[in-house]
Amino acid sequence: MKILHTADWHIGKKLDNFSRLEEQRLVLDEICEIADREEVDAVVVAGDLFDNFNPSSESTELLYSTLYRLSAHGSRAVIAIAGNHDSPERIEVPDALAKVCGIIFVGFPNAEIKLFRTQAGLEVTKSDKGFIEIKLPNSDVPLRVLHTPYANEQRLKTFLGLEDSEENLRTHLQKHWQELAEKYLDDNGFNLLVTHLYVMKKGDPAPEEEPDEERPILHIGGAQAIYTENFPEQIHYIALGHLHRYHRVDKIPAPSVYSSSPLAYSFSEANQTKYVILLDAEAGKLNNYRAIELTKGKKLRRGKFDSIDEAINWLHEHSEDLIELTIVSDNYLEAADKKRLTEAHSGLVQIIPQIKKIAEEGSASTIDLTLSMENLFQEYFKSKNKGQEPSEGLLDVFREVLGTEE
């Protein structure tokens, strides 16, 4: 069988005021084309389907239409779990209708999926809390899936009966997964675990930079960090969601892989290549897996210049991208320069002024109260900005306030 692993679609997400919905249409269309071209038997979406708990009607329509395309009229299994950005209740709303198409939504920890069969012959033959076995129309090998959506402390208490303890979480999940593995998993099928949690190899350093909104559940060494040693050895592949970069966490007991988000959603992801993962599997083993690069959507780029003219030339070279620009100067960015930059590029998302340090760190300064108001303002400004002189534009505004402008 062939399985496609993707995650972190974040449908409806914006970059500041820039909508990404049209880019999302393009890249999700690309994922559908990959699934068709590779003739995959199942698709796993490992959480964060939407970007927030109350997605727009356009976002909802895009999710449902994409999953329907991926289901190939009920002949291809689609398993989509909730992430930390998703409302689990909302994820499970279309459950009855989705099953007709072979789409399986999992919103809550320990969810138990009802048995069903599509007209195309896809069938859920076994189900338990946190587990399903699927008979695929074009494969003689059963697909076994241990599914664990994102769970915050309250959901863990409600659905797993846990107190707020990191060891309790790890111990419980390890026990839960191991019990399911011993009961349902053998080498007569392909065994997959899908989850939306922060997973790390015990003892490894902290991950690379991630978007600000993804950091709260990382808690290195805290309640939300699950170790690869907690996964049962019967598992053949672990499909992870949450981190937005492609990353293989570990290869033991099985490849534990973050597929990446389909688009770069934060400038911390600038210059990252995005992927989906294609698995080639058979009974009892994973033959291989490979990352397929996604090409649709705008690139996110960061540039840093100390010349406005150089910055504008660089902006023209990357006219199709979304840009974060840092301007290094002795003074604050003048309004005229900011206007030149924004007019040079329609996708300029952020301009970050970086002021050179003129005074030495920690240098003390005194203010002579016998100075004129303008000189006092200059000295006060320098005392608050590590010796930086106010720009001429700022002084003009100050003079206008004082009524001393010539």
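Here the structure is a predicted model, which means the values were calculated and not measured.

## With respect to helix 9 (residues 373-384)
Owing to its 3.6 residues per turn, the α-helix brings residues three or four apart onto one side. For helix 9, which comprises twelve residues, the first-to-last C-alpha distance of 16 Å matches the rise-based estimate of 16 Å (1.5 Å per residue) to within 8%. Turning to helix 9, the residues buried within the fold contact helix 10 (392-402).

## Looking at the side chain of Ser260
Following the sequence through the fold, Ser260 ends up in the loop between strand 16 (256-258) and strand 17 (275-282). The contact partners of Ser260, leaving out residues within four places of it in the chain, are Ala7, Leu243, His244, Arg245, Tyr246, Lys274 and Tyr275.

## Focus: the sheet that holds strand 8 (residues 123-128)
The eight strands lie next to each other as 7-8-9-10-11-14-16-15, forming an open sheet whose pairing is mixed. Pairing within the sheet leaves two strands with one partner each, and these edge strands are strand 7 (116-117) and strand 15 (247-250). In this sheet, strand 9 (residues 131-135) lies alongside strand 8 in antiparallel orientation, the contact comprising five bridges. Bridging from a neighbouring strand, Asp128 pairs with Phe131 of strand 9.

## Describing the nonpolar core
If you look at the biggest cluster of nonpolar residues, it comprises 33 residues, and the most contacted ones within it are Leu4, Trp9, Ile11, Ile31, Leu67, Leu70 and Phe105. Looking at this core, the elements with two or more residues in it are helix 1 (21-37), strand 4 (42-46), helix 2 (57-71), strand 5 (77-81), strand 6 (103-106) and strand 17. The leading source of residues in this core is helix 1, at seven residues. Excluding residues that lie within four positions of it along the chain, Leu70 makes contacts with Trp9, Ile31, Cys32, Ala35, Val43, Arg76 and Val78.

## A look at the sheet that holds strand 18 (residues 285-293)
The sheet built from six strands is open, its strands ordered 6-5-4-1-17-18 with mixed pairing. Of all strands in the sheet, those with a lone pairing partner are strand 6 and strand 18, marking the two edges. For this sheet, the mean inter-axis angle between neighbouring strands, taken without regard to orientation, is 20°. As defined by bridge partners, strand 5 adjoins strand 6 across four bridges and the pair is classed as parallel. Bridge assignment links Ile79 to a residue of strand 6, and that residue is Ile104.

## Focus on the confidence of the model for the protein
Here the protein shows a mean pLDDT of 87. Residues at 70 or above account for 86%. Segment residues 215-223: pLDDT under 50, and 26 contacts once partners within four positions in sequence are set aside and those in other chains are kept.

## Some remarks on the pattern of salt bridges
Counted according to the given criterion, the structure contains 17 salt bridges. Close ionic contact of Arg144 with Glu133 constitutes a salt bridge, the shortest N to O distance being 2.9 Å. With Arg144 in strand 10 (residues 143-148) and Glu133 in strand 9, the pair connects residues that are eleven residues apart, well separated along the chain. For the residue pair Arg144 and Glu133, the accessibility class agrees, reading buried in each case. Shared partners join several salt bridges into a network, and the residues in it are Lys2, Arg37, Glu38 and Arg290.

## Quick word on the pairing of strand 18
The pairing of strand 17 with strand 18 spans eight bridges and is antiparallel. Bridging from a neighbouring strand, Asp280 pairs with Asn288 of strand 18. In sequence, strand 17 turns back onto strand 18 through a hairpin of two residues, with Gly284 there showing a positive phi of about 85°.

## A closer look at the pairing of strand 10
Burial analysis of strand 10 places six of its six residues in the buried class, the great majority of the element. Bridge count between strand 9 and strand 10: four bridges; the pairing is antiparallel. Bridge pairing links Phe131 to Leu146 in strand 10. Across six bridges, the pairing between strand 10 and strand 11 (residues 190-195) is parallel. Among the inter-strand pairings, Val145 is bridged to a residue of strand 11, identified as Leu192.

Conventions we followed
Residues numbered from 1 in each chain as written. Predicted model: local features only at pLDDT ≥ 70, side-chain atom pairs only at ≥ 80, totals over all residues. Heavy atoms only, no water. Helix = DSSP H or I, 4+ residues; strand = E, 2+ residues; numbered from the N terminus. Expected span 1.5 Å × (residues − 1). Contact = heavy atoms within 4.5 Å. Pairing = 2+ DSSP bridges. Core = buried A, V, L, I, M, F, W, Y, C linked by side-chain atoms within 4.5 Å. Buried < 20%, exposed > 50% of the residue type's maximum accessible area, 1.4 Å probe, protein only. Axes fitted to C-alpha atoms, helices over the stretch in contact; angles between N-to-C directions. pLDDT = per-residue confidence, 0-100. Salt bridge = Lys/Arg side-chain N within 4 Å of Asp/Glu carboxyl O.

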